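So the chains spell out like this:
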Amino acid sequence: MMKSAVRVGIVGASGYSGGELVRWLHSHAEAEIVALCAGEQAGRAMSESFPGLRSHTTLELTKPDWTELAATCDVVFLALPHGVATEAVPQLLDGDTKVIDLGGDFRLASAQDYERWYGTEHRSAHLLEEAVYGLPELHREAIADSRLVANPGCYPTASLLALAPVAELARHTIVIDAKSGVSGAGRKGGPNTLYGEVNENLKPYGVGAHRHQPEIERQLGDVGAAQQVFFAPHLTPMTRGILSSCYVSVDDVEAAEIDERFHAAYDDEPFVRLLAQGDLPQTKATLASNHCDVAWRYDADRGQLAVYSAIDNLCKGAASQAVQNMNLLFGLPETTGLDRPPVFI
C-alpha cells in the first residue's frame, strides 16, 4: 500500500520565501500542498502573486486559521515577520502538527536574548528550549526527532557552513564580511531596497549590531566551537545570493589539518560542495539551488585563514533548506525534491 503524501501548509505564501517553498514543493514526490495562506493578499490566486506559478497551482491564498491548519496539515511552514510565529506555533503544536519556522522567533537561546535583538517580547518562551536549529549539516539527528524547527537565517547558513569545521582554531574574534542580494529584505523592503538606491551601489549595514550575529555565535557554541564573531553584512545590487567571507586568526596550524577538517565535515554532505584549491565560490554557481559552495585560503606566515561560502539566500538560505528539514522530520531521503542543479545564466 502506497503511503500518503505529507500534507503541507504554507503561511506567508505571498512573500519571496513562501513563493520559493511552493516552487520546490510543487515537484516534491512525497508532499501535497493543501493550504496557502497570506494576510493582505488573501482572496487572490497564488499565481497572481507569482505569475511564474501559472499552470502549476490553482490554490487561492486564504487568511491563516491555526485550528484549521492544525487539523488538515502534517507540517506548516511559517514564512512570517518576526513576532507572529510566537502566537501561532503553540496552537499548531497543540494540534499535533509539526512546524518549520523560517523567521527568527525560535533561533535564539532565551527570551532575554530575543527581546534584546528583536526588540519585542517573546510570547512562547517555553518553546525556545524545545526548538531545534534547522541546519541539517550540524543538527541532522535532532531535527529528525523534533516537532519545531527553527530554520536558519540566510547569512548564518552561509557563515556557519564556512566556519563550523575550523572555528575552534580561532585565536581572536572571527570577522564575517557577508554580502547579500536585495531579496533578503523580503517583498516589503523599505526605501533602502528601492531600485534607484540599490542599483550601482554597495553598502554595509547593521555592522556589529545585526540580529544574525548572536545566532551565529550561539550555533558555533552548540557545536563545540564557541567563538565571538564580528558580523558585517553588505547589500549588493543583485536580486539573490549570499557570499560570506570569513576571516579566522590561527596559530601553528598546518594546511593539511585545515583540509582534513573540511573534508571530514562535508565529504558525505549532499549539498555542500568543497571547491578545488584553484577555485572560489560565486553566487551564480549556487543560484536557485540548495547547494552551498565552500573554499578556503591559508596564509601560514600571517596566521590568517580565509573561508568563503556562497548560497542562494532564498533557497539554501530559506525555502529549500526548509524542505530539507521537512524531509528529515518525516523520514524521507534528505535529497527528495531538492537534487536540482543551479541556474547559472
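Residues numbered from 1 in each chain as written. Predicted model: local features only at pLDDT ≥ 70, side-chain atom pairs only at ≥ 80, totals over all residues. Heavy atoms only, no water.

Student: Just checking my understanding: could you explain the overall build of the chain for this structure?
Tutor: When its secondary structure is counted, the chain shows 11 helices and 13 strands. For 345 residues, the compact-globule formula gives about 20 Å, and the C-alpha radius of gyration of the chain, at 20 Å, lands near that figure. Dimensions of the chain, computed from the C-alpha atoms along their principal axes, are close to 60 × 45 × 45 Å. By the burial criterion, 53% of the 345 residues in the chain qualify as buried. Of all intrachain contacts in the chain linking residues separated by at least 6 positions in sequence, the fraction that spans at least 24 positions is 69%. As displayed, the chain offers around 15,100 Å² of accessible surface, 49% of which is attributable to carbon and sulfur atoms. Here the chain contributes 27 positively and 45 negatively charged side chains, and the mean placements of these two sets differ by 6 Å. (Helix = DSSP H or I, 4+ residues; strand = E, 2+ residues; numbered from the N terminus. Rg over C-alpha atoms; globule rule 2.2 N^0.38 Å. Buried < 20%, exposed > 50% of the residue type's maximum accessible area, 1.4 Å probe, protein only. Contact = heavy atoms within 4.5 Å. Areas by Shrake-Rupley, 256 points an atom, 1.4 Å probe, with all protein chains shown as cover. Lys, Arg positive; Asp, Glu negative; His and termini not counted. Charge placed at Lys NZ, Arg CZ, Asp CG, Glu CD.)

Student: Can you help me understand the pairing of strand β13 (residues 304-311) in this one?
Tutor: Taken residue by residue, a regular strand's side chains alternate between the two faces of the sheet. Most of β13 sits inside the fold, with 7 of its 8 residues counted as buried. The pairing of strand β12 (residues 292-299) with β13 spans 7 bridges and is classified as antiparallel. Along β13, the bridge assignment pairs V294 with S309. In textbook terms, the turn of a hairpin is the stretch between consecutive antiparallel strands, and for β12 and β13 this stretch comprises 4 residues, one of which, G303, has a positive phi near 60°. (Pairing = 2+ DSSP bridges.)

Student: Please clarify how the packing of aromatic side chains should be interpreted in this entry.
Tutor: This model, assessed by the stated rule, comprises 4 aromatic pairs. Seen from their ring centres, Y114 and Y118 are 4.8 Å apart, and the 15° between their planes marks the pair as stacked. Of this pair, Y114 and Y118 are both found in helix α5 (residues 111-118), 4 residues apart, which corresponds to roughly one turn of the helix. Of the residues examined, Y118 reaches a relative accessible area of 7% and is grouped as buried. Each ring, one from Y155 and one from F231, has its centre 5.1 Å from the other, and the planes form 75°; the classification is edge-to-face. In this pair, Y155 sits in helix α7 (residues 154-163) while F231 sits in strand β9 (residues 229-235), placing the two residues 76 residues apart along the sequence. In terms of burial, Y155 and F231 fall into one category: buried. Across from the ring centre of F50, 4.5 Å away, lies the NZ or CZ of R187, which sits over that ring. (Phe/Tyr/Trp six-rings, centres within 6.5 Å; stacked < 30°, edge-to-face > 60°. Lys NZ or Arg CZ within 6 Å of the ring centre and 35° of its normal.)

Student: Where do I start with helix α10 (residues 255-266) in this structure?
Tutor: For an α-helix, the turn length of 3.6 residues means that residues three or four places apart are oriented alike. End to end, α10 covers 17 Å across 12 residues, agreeing with the expected 16 Å (1.5 Å per residue, within 8%). When we look at burial in α10, the residues that qualify are I258, F262 and Y266. Seen along its axis, α10 keeps its buried residues to an arc of 40°; they face one direction. Looking at α10, the residues exposed on the side facing more than 90 degrees away from the buried face are A256, E260 and A264. Residues of α10 that are buried sit in contact with α6 (136-144), α7, β11 (272-274), β12 and β13. (Expected span 1.5 Å × (residues − 1). Arc of directions from axis to C-beta.)

Student: It is not clear to me how the sheet that holds strand β6 (residues 148-150) should be interpreted in this structure. Could you clarify?
Tutor: Hydrogen bonding along the main chain pairs the strands of a sheet, whether they run parallel or antiparallel. If you walk across this open sheet you meet the 6 strands as β2-β1-β3-β4-β6-β5, and the pairing is parallel. Each edge of the sheet is formed by a strand with only one pairing partner; in this case those strands are β2 (31-37) and β5 (132-133).

Student: Looking at this structure, I do not really get the pairing of β9. What am I missing?
Tutor: Burial analysis of β9 places 6 of its 7 residues in the buried class, which makes it a mostly covered element. Note: strand β7 (residues 174-180) against β9, 7 bridges, orientation parallel. Note on β9: the bridge partner recorded for V175 is F230. Here 2 bridges tie strand β8 (residues 203-204) to β9, and the two strands are oriented antiparallel to one another. Along β9, the bridge assignment pairs P204 with H234.

Student: I would appreciate a short explanation of the environment of L53 in the present structure.
Tutor: Structurally, L53 is set in the loop between α2 (46-49) and α3 (66-72). Each C-alpha atom, one on L53 and one on V22, is 8.4 Å from the other, the two residues being 31 residues apart in sequence.

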